[in-house]
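The primary structure of each chain is shown beneath.
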Amino acid sequence: MILSSEKIAASAIVLLGIVGVTSASEVGLGRKVLVFPYETDFSFVALIPQKEMGLRAFTLCMRVATELEGERQIILFAYRTPDYDELNVWREKDGRVAFYLSGDGAFFHLPPITTFRTSLCLTWESRTGLAAFWVDGRRSTYQVYKPGHTIRPKGTVLLGQDADKHLGDLEALQSFVGEVTDLNMWDYVLPRRQIQALHYGHKITKGNIFDWATIEYQLNGNVMVVDDD
Amino acid sequence: MILSSEKIAASAIVLLGIVGVTSASEVGLGRKVLVFPYETDFSFVALIPQKEMGLRAFTLCMRVATELEGERQIILFAYRTPDYDELNVWREKDGRVAFYLSGDGAFFHLPPITTFRTSLCLTWESRTGLAAFWVDGRRSTYQVYKPGHTIRPKGTVLLGQDADKHLGDLEALQSFVGEVTDLNMWDYVLPRRQIQALHYGHKITKGNIFDWATIEYQLNGNVMVVDDD
Amino acid sequence: MILSSEKIAASAIVLLGIVGVTSASEVGLGRKVLVFPYETDFSFVALIPQKEMGLRAFTLCMRVATELEGERQIILFAYRTPDYDELNVWREKDGRVAFYLSGDGAFFHLPPITTFRTSLCLTWESRTGLAAFWVDGRRSTYQVYKPGHTIRPKGTVLLGQDADKHLGDLEALQSFVGEVTDLNMWDYVLPRRQIQALHYGHKITKGNIFDWATIEYQLNGNVMVVDDD
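Note that the coordinates shown come from a computational prediction; the quantities given were computed from them, not determined experimentally.

Draft legend 1. How the structure looks around the overall build of chain A. Of the regular secondary structure elements, chain A holds two helices and 16 strands. Looking at chain A as a whole, 54% of its 229 residues qualify as buried. Sequence-distant contacts, at least 24 apart, represent 70% of the contacts inside chain A between residues at least 6 apart. Surface accessibility of chain A: about 10,200 Å² in total, with carbon and sulfur atoms responsible for 53%.

Listed below in C-alpha cells is the structure:
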C-alpha cells in the first residue's frame, strides 16, 4: 500500500495518541463484545497491557467471529515495537491461521473462522519453540517455531488493524470485521485443562497481561462495545 | 527415489543399529507425545515389540495429528521384515487411509486426519479377512482383506518413515510430520466397547505387543518427546 | 445392461429359487450384520416378509454403511412384483437418496451415507402422500408423493441387488457394497419418538413386516453374516 507522507503523518499522530494519552483509556470489558462492523482503515482498539510484554512464553486467547470469507487477510491481533511486528496473528488469504514473531510465520490448518464464535487460543514457549493453536479447546498439532526467541517489550497492541511497517500505516483490506470478546493473555503456557475450562466459560487464573474483565483499552474509529448477549 | 549406494549403506547401518543396540533404547511414553516437527528423510522412532509379531490377527491403535494436507503420502506405521512390508498404514495421496499386508492394500474412505488428534484403530483377523478402521470409536465398513494370511515375525517397526524396499531407504516426501501418542497393539481383535473405551481415555486391557506406558523405543533424528498437554 | 438370454434364464432360476425353496431360508439376524464385501452382479440377500406387502403406509428402517463414493447408483432396498418396482430405495448418482413406488421417484438431499453407519428410516402414507427420510433420528423435510397409491403384494424383497426390469437382471454397477443391519419394517408410520428410540438402540414395537431378530432370509453369492462388533 502506498500512502502519501501526509496520511502517514496523520495516522502516526493518531497512534502516538493512543500510547501517549492514557487518560483517554477506558477500563473493563467483562460481558462485553467489541464489534467491528465495517471494513475501514481507521477503526481499531488499542489494548494497554498490565505488564511489559518482553516474553519468552505466552498464552493468548479470544473469542472471535467474522463474516469475512475468501481470499483476504484478516488481522486478529497485532503487537508491534518500533521496528518489528513482535506478535501478529492473521487469518491468511488461503484460510490458514498464522502467527509471526518478527519474521516468517508459522502456518496452521484450522477449521475456518466463521460467523459463529470460535474460541481461539495460541500458546508458544521459547525454550522448546513448541507452538499450537487451540480451537474450542482442541489443540492443533504442535509446530516448532523460533526456539530461543524473545518477544520485545514496550510496543503497542492493536485489534482491528495491523500497524504495518510504519506505525500507523493501516490498510482496509487487512482490517478485521466481526466480533472479538474474552481476550485474555498470560506470560506463560496454560495447561490443556485450563484452556478447555476457559472455552467452556469457567473461571480460571486471570490473565496477567490482559484480563478482559479489567482490561485497559482505547477505542478508535468505528468500533462498538456491545453487551454479550 | 534414487539413492547412492553410500547413502543406502549409511542408512542401513543406522537401522541395523536400532535393532542391534538395545542398550540405547528408552522405555515408557505414558502421558508423552512424539512430535515429528519437520519433513525429513532421517527422523524416525523404532518400536521394540514385547513379543514376536507373527500375527494372524491384531488391533493397532494410536492418536495421530498432522498438518500435512494435499497430494502426499504419509506413513503412519511401518512393520517390515527383510523382504516384505508386513504391515504398513498410510494416509494416501487421495486422502484415503490404507493398510498393506505384504502386497496390494485395502483402502478406506475416512474423515480426514487433521491438525486435531484423531483416535485411529485398525483391526484385522486372518480367519475371516475382516478388516476395519475405527475413527474416534466409530467403525468403518468392514472390508474382506487377505483371509488366511499370516504376518511374519522378526521385523522392524518404525514410526515417521517407511523403510521401503531396502531397509534404510527413507524418503522425505513420505515421512510423517505431526504427532503420535497412545500407540498400543494387541495380537487379537478388540471388541467394539473396548475400542470405544480406549477412545474416551478409559483403562482397558494393556496391549500385549505395544503398551504405550511401558513401550521400548529408540529415537532417531529430529523427534521430540513432549508432555501430553 | 445387455444380458444373453442364457444368463437371464440362469439368474431367473436363482431368484425363483429363493422364493420357491423356503426350506433353504435361515431365520434371525439379531446382533448380526450383513457384509457385502465386493461389487458383484450375483450377491444378494432375499428377505421373506412376515405378511403380504400390499401396503398403504409403511416405515422401513435399517442401519447402513458403505465405502462407495462418487457417481454411482447404489441399491439400498428393492421390493419388486413381476411387472413393477414396487418400493425401491436408492442412493442416486448425485448423492441424493430416493425412493420409488412403481414410477418416478422422490428425491431427498440427505447427509452422505459413509463408511460409518447411518441409521436410515423411510416413512410414507398413502392417505396424505407424506414421505420423509429419517437420518440418525432426524426427519427430513416432508415431500408429498403418490397420495392414494397402493403398493402391490406378492413380490420379492432383495438387499444388495436391484432385480431390474426382468426379475433376475442384476447389474454390478448398481450393487450394494457395505453393511446392513437392524432392518425392520412396519405397515404403518411410526411416530417420531419411536424412530428416535430405535436410533438409540432402545426396544420398540417389533416390525410386523420385518423384524431383524427373527427375520427369514436367504443368502446368495458373496454375502457374510458377521457379529455386530
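Further notes follow.
Draft legend 2. Representation of the relation of the copies chain A and chain B in the model. Between chain A and chain B, which share one sequence, the superposing operator has a rotation angle of 90° and an axial displacement of 0.1 Å; the RMSD is 0.0 Å. Both copies are brought into coincidence by an operation consistent with a four-fold rotation axis. When C-alpha distances to the rotation axis are compared across chain A, the minimum falls at Pro 111 of chain A, with a value of 9.7 Å.

Draft legend 3. Quick peek at the pattern of salt bridges. Here the structure, examined in full by the defined rule, presents 34 salt bridges over all chains. With a closest N to O distance of 3.7 Å, Arg 117 of chain B and Glu 179 of chain B form a salt bridge. Taken together, the residues span a long stretch of sequence, with Arg 117 of chain B in the loop between strand E8 (105-108) and strand E9 (118-125) and Glu 179 of chain B in strand E14 (residues 178-186) at a distance of 62 residues. Sharing partners across several salt bridges, the network here consists of Arg 139 and Arg 192 of chain A together with Arg 117, Glu 179 and Asp 228 of chain B.

Draft legend 4. Structural view of helix H2 (residues 192-199) of chain C. All names here are of chain C. Among the residues making up H2, those that are buried are Ile 195, Ala 197, Leu 198 and His 199. Residues of H2 that are buried sit in contact with strand E4 (57-65), strand E9 (118-125), strand E10 (130-135) and strand E14 (178-186). Downstream of H2 by a residue or two, Gly 201 has a phi angle that is positive, lying close to 85°.

Draft legend 5. Fine view of the sheet that holds strand E3 (residues 44-48) of chain B. All names here are of chain B. Within the open sheet, the eight strands sit side by side as E1-E15-E3-E13-E5-E6-E7-E8. Their pairing is antiparallel. The open sheet has two free edges, formed respectively by strand E1 (26-27) and E8, since each of these has just one partner strand. Judged from the four bridges that link them, strand E7 (residues 97-100) and E8 form a sheet pairing that is antiparallel. Across the sheet, Tyr 100 pairs through a bridge with Gly 105, a residue of E8.

Draft legend 6. View of a nonpolar patch on the surface. All names here are of chain C. Together, Leu 130, Tyr 142 and Val 144 make up a nonpolar patch on the protein surface, roughly 260 Å² of accessible area in all. With respect to the element layout, Val 144 can be found in strand E12 (residues 143-144). Residue Val 144 is classed as exposed on the basis of its relative accessible area, which comes to 58%.

Draft legend 7. Representation of the interface of chain C and chain B. Contacts between the two partners involve 17 residues from chain C and, on the opposite side, 19 residues from chain B. For the pair chain C and chain B, the summed buried surface comes to about 1,500 Å²; carbon and sulfur atoms form 55% of the total. In this structure, the connection of chain C to chain B is made through two salt bridges. Among the ionic pairs, Asp 228 of chain C bridges to Arg 192 of chain B, the shortest N-O distance being 3.9 Å. In this assembly, chain C and chain B are joined by four residue pairs in polar contact (both at pLDDT 80 or more). When contributions to the side of chain C that touches chain B are tallied by element, the ones reaching two or more residues are E14 and strand E16 (224-227) of chain C. Residue composition of the side of chain C that touches chain B, by class: seven nonpolar, four polar and six charged.

Conventions and cut-offs
- Residues numbered from 1 in each chain as written.
- Chains lettered and ligands numbered in written order.
- Predicted model: local features only at pLDDT ≥ 70, side-chain atom pairs only at ≥ 80, totals over all residues.
- Heavy atoms only, no water.
- Helix = DSSP H or I, 4+ residues; strand = E, 2+ residues; numbered from the N terminus.
- Buried < 20%, exposed > 50% of the residue type's maximum accessible area, 1.4 Å probe, protein only.
- Contact = heavy atoms within 4.5 Å.
- Areas by Shrake-Rupley, 256 points an atom, 1.4 Å probe, with all protein chains shown as cover.
- Least-squares fit on C-alpha atoms with pLDDT ≥ 70 in both.
- Salt bridge = Lys/Arg side-chain N within 4 Å of Asp/Glu carboxyl O.
- Pairing = 2+ DSSP bridges.
- Patch = residues over 30% accessible without salt bridge, like charges linked within 9 Å, V, L, I, M, F, W, Y side chains within 5 Å.
- Buried area = accessible area lost by both parts, 1.4 Å probe.
- Polar contact = N/O pair within 3.5 Å; in protein donor to acceptor, adjacent residues only side chain to side chain.
- Nonpolar A, V, L, I, M, F, W, Y, C, P; charged D, E, K, R; others polar.

Function-wise, these values are silent; they only describe arrangement.
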